[in-house]
Each structure stands twice: as C-alpha cells, then as structure tokens.
Amino acid sequence: MNGQTNPVIYWSMLVYENWMIYLGVTSQGLCYVGSQNQPFDELADWAKTHFPGSALLPDDEACRPYRTELTEYFQGVRKSFTVPFDVHGTPFQLAVWNALSEIPYGQTQTYTDIAHRIKRSNAVRAVGAAIGANPLLITIPCHRVIGKSGSLTGYRGGLEMKTRLLELEKVSSAVGRRTLHA
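Residues numbered from 1 in each chain as written. Predicted model: local features only at pLDDT ≥ 70, side-chain atom pairs only at ≥ 80, totals over all residues. Heavy atoms only, no water.

Where an unreviewed UniProt entry is consulted, the protein appears under the name methylated-DNA--[protein]-cysteine S-methyltransferase, with the organism given as Brevibacillus invocatus.

As structure tokens, then:
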C-alpha cells in the first residue's frame, strides 16, 4: 500500500439532495466511495477487509476536495475527476478499472466490450467480478457498464443508484449538446 502499513482512512459523508454517501480517503487519495444511503458499516467492513488495522477517523476537511468534485458531478457540471485515487487490486482488477475509466461520460459499454478492451475476450464473468469489487463508485464509472442486451445489471450501489447516475449523465450530455448548438 504505497509503502505504508495501516494507513489512516479519513472519512466523511457526502450529502447531496436525498443521497448520503460515505467517502474514504488516505494520504494518497480517494480509496472508497460508498453506496447511496448505506450505513457507516459498509465503509467500516470494506476498510477491515482492504486496509486491515487502519484507523477510521472522521475528517471533513481531508475529504473536502473529493466531496466537492462529486457534488459538481451530481450537479452536472463535472464529467471527469481530477482528485487522486488510492486504489488497490489485482493486476486484472486494475486493468478492468482502468478500462472503466476510459468509458466516456454519458456513454455505456457492455461487459463483453470491457473484456475485449483488456484483451481477455473469454473473461466476461471475471470482468463482472472485478467491476463488482470496484471501491470507487461513480469516480471509476462502473455504472456505465450494462448487459449485452442493453439491460441494467448488478451494481454495488443498487440498480436505483445506477439508473439515476445514467439518467444524470444522459440529461447532462443532452443539456451540453443543446448549449453547443444554441
């Protein structure tokens, strides 16, 4: 973990409209974005598994830049994130998460598309598992992955959250296109 043992995870809650989302941040960057309206236990359980022995300390100031960028995203004015991430996974997971980060705002791809992108065409199920392990909802946009038939499929944050994020991006993209052609 970047040469650190048991890094402190600073946390804060992002509240936007009727959503409450816990964020986790290390000194290296954003390490966790929770599901909407889930209890603190979701973050605590994740930290126990992925950062065993790390202290969880509330710190709104340390989390401020991350809350700001996510709020801007929810407001439809931010399409990508500039804050640093502190994400750890297997080489396969990291390849999948990097591929997710390349899906353009307002667009979707299938699990098969991601498998092809990482040159592992026969690993569609493994791609799904790696997507499910993504610790950074929204910021690593796993919500942009849909089933081959175009159907919405599983999402750690729940299908309601996935639907709302896709609608937000569709609406924001449409507003942007109208503005450009006005």
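Here the narrative resumes.
**Quick look at unusual backbone geometry**
Phi at Glu 17 takes a positive value of approximately 50 degrees, unusual for a residue other than glycine. Mapped onto the elements of the fold, Glu 17 is located in the loop between strand S1 (9–16) and strand S2 (19–26). We note that Ile 138 has phi near 75 degrees; this positive angle belongs to a residue other than glycine. Looking at the element boundaries, Ile 138 is found in the loop between helix H5 (124–132) and strand S6 (145–146). For Ile 138, a relative accessible area of 1% gives the class buried. (Helix = DSSP H or I, 4+ residues; strand = E, 2+ residues; numbered from the N terminus. Buried < 20%, exposed > 50% of the residue type's maximum accessible area, 1.4 Å probe, protein only.)

**Thoughts on the domain arrangement of the protein**
With domains assigned, the protein is organised as domain 1 (9–75) and domain 2 (91–169). Listed as interface residues are 16 residues of domain 1 and, on the opposing side, 15 residues of domain 2. When domain 1 packs against domain 2, the two sides together hide about 1300 Å² of surface, and 60% of this comes from carbon and sulfur. One salt bridge in this structure joins Glu 42 and Arg 156, with 3.7 Å as the shortest N-O distance. Joining domain 1 to domain 2, the criterion identifies 8 residue pairs in polar contact (both at pLDDT 80 or more). Of all the elements in the fold, those that place two or more residues in the side of domain 1 that touches domain 2 are S2, strand S3 (29–33), helix H1 (40–50) and helix H2 (60–74). (Domains from an automatic or database assignment. Contact = heavy atoms within 4.5 Å. Buried area = accessible area lost by both parts, 1.4 Å probe. Salt bridge = Lys/Arg side-chain N within 4 Å of Asp/Glu carboxyl O. Polar contact = N/O pair within 3.5 Å; in protein donor to acceptor, adjacent residues only side chain to side chain.)

**Regarding the UniProt feature "domain: Methylguanine DNA methyltransferase ribonuclease-like" (unreviewed entry) in the protein**
Sequence positions flagged by UniProt for "domain: Methylguanine DNA methyltransferase ribonuclease-like" (unreviewed entry) are, in local numbering, residues 9–86. End-to-end, the C-alpha atoms of residues 9–86 are 11 Å apart, and along that stretch the chain is 33% helix and 31% strand. (UniProt positions renumbered as here; feature names shortened; annotations may be inferred.)

**Section: the side chain of Glu 169**
Of note, Glu 169 is situated in helix H6 (residues 159–181). In this view, Glu 169 contacts Tyr 73, Tyr 105, Gly 106, His 143 and Arg 144; residues no more than four positions away in its chain are not counted.

**Some details on the state of the cysteines**
Scanning the entire structure with this criterion turns up 0 disulfides. Among the cysteines around Cys 31, which has no disulfide bond, Cys 63 carries the closest sulfur, lying 8.7 Å off. Judged by its relative accessible area of 1%, Cys 31 falls in the buried class. (Disulfide = S-S within 2.5 Å.)

**Remarks on the pairing of S1**
Alignment of S1 against strand S4 (residues 56–58), held across 3 bridges, turns out to be parallel. Across the sheet, the residue bridging to Tyr 10 is Leu 57, located in S4. Sheet analysis places S1 next to S2, joined by 7 bridges and oriented antiparallel. Across the sheet, residue Met 13 finds its bridge partner in S2, namely Tyr 22. Here S1 folds back onto S2 in antiparallel fashion, the turn holding 2 residues, of which Glu 17 has a positive phi close to 50 degrees. (Pairing = 2+ DSSP bridges.)

**Structural notes on H5**
Considered for burial, the residues of H5 that qualify are Val 127, Ala 130 and Ile 131. Along H5, the residues classed as buried sweep out an arc of 100 degrees about the axis, all on the same side. Across from the buried face of H5, at angles greater than 90 degrees, the exposed residues are Arg 125 and Ala 129. Where H5 is buried, its residues meet helix H3 (91–101), helix H4 (111–117) and S6. (Arc of directions from axis to C-beta.)

**A few points about the packing of H3 against H5**
One way to put it is that H3 packs onto H5 with a least axis distance of 9 Å and a crossing angle of 80 degrees. Relative to H5, the element H3 is oriented roughly perpendicular. Of the residues in H5, those in contact with Phe 92, Gln 93, Val 96, Trp 97 and Leu 100 of H3 are Ala 126, Val 127, Ala 130 and Ile 131. Among the residues forming the contact of H3 with H5, the class breakdown is 8 nonpolar, 1 polar and no charged. (Axes fitted to C-alpha atoms, helices over the stretch in contact; angles between N-to-C directions. Parallel < 35°, antiparallel > 145°, perpendicular 65-115°, else oblique. Nonpolar A, V, L, I, M, F, W, Y, C, P; charged D, E, K, R; others polar.)

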